[in-house]
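# Commentary on secondary and tertiary structure
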Amino acid sequence: MFTIIGLMLTGMLLGFLLRKQKLSGIHKVITVLIWLLLFLLGIDVSGNQKIINGLHTIGLEAIVITLAAVLGSVTAAWALWYVLYKRNKEGQV
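All residue numbers refer to position in the chain's written sequence, counted from 1. Local features in this predicted model are restricted to residues whose pLDDT is 70 or higher, and side-chain atom pairs enter the listing and the counts only when it is 80 or higher, whereas totals over whole chains, interfaces and linings include all residues. Only hydrogens and water are set aside; all other atoms, that is, all heavy atoms of the structure, feed into the side-chain values.

With an unreviewed UniProt entry as reference, the chain is termed DUF340 domain-containing protein, source organism Phocaeicola dorei CL02T12C06.

### Some details on the overall build of the chain
As a reminder of what qualifies: The helix count covers DSSP runs of H or I at least four residues long, the strand count covers runs of E at least two residues long, and both are numbered beginning at the N terminus. This radius of gyration counts C-alpha atoms alone. The globule rule is 2.2 Å times how many residues there are, raised to the power 0.38. The buried label applies to any residue whose accessible area, calculated with a 1.4 Å probe on protein chains only, is under 20% of its type's maximum; exposed applies above 50%, and partly exposed to all values in between.
Looking only at helices and strands, one finds 4 helices and 0 strands in the chain. The C-alpha atoms of the chain give 23 Å as radius of gyration, which overshoots the globular expectation for 93 residues (12 Å, by more than 25%). Each principal axis of the C-alpha atoms in the chain carries an extent, and together these give about 60 × 50 × 25 Å. Considering the chain as a whole, with its 93 residues, one finds that 1% of them fall into the buried category.

### Quick look at the UniProt feature "transmembrane region" (unreviewed entry) in the chain
Heads up, the rule is: UniProt positions are given in the numbering used here, feature names are shortened, and annotations may be inferred rather than shown by experiment.
UniProt tags residues 29-46 and 58-84 as "transmembrane region" (unreviewed entry). What you have in residues 29-46 is 100% helix and 0% strand, and the ends, taken at the C-alpha atoms, are 26 Å apart. Secondary structure across residues 58-84 divides into 100% helix and 0% strand, with the first and last C-alpha atoms of the span separated by 39 Å.

Below, the structure is given as structure tokens:
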């Protein structure tokens, strides 16, 4: 845990010290490192038999959570549109 916190604080310190430097191409390095992390995560997950055996359950839960999030967002957006449209319509009358 201390290693992770130390690495994070080191990155923050380097970012603070190098904030005025123009680091061209750093986005490419970050992208490659993210791809590498995702690849290594995939290797680690595929090696865990419990996750592989429970993949159908995890997938079902993911679908339910996704549908609930989308439905909630659509409902909130519709309600906001309705309130703003109603207020705008009343202001014009």
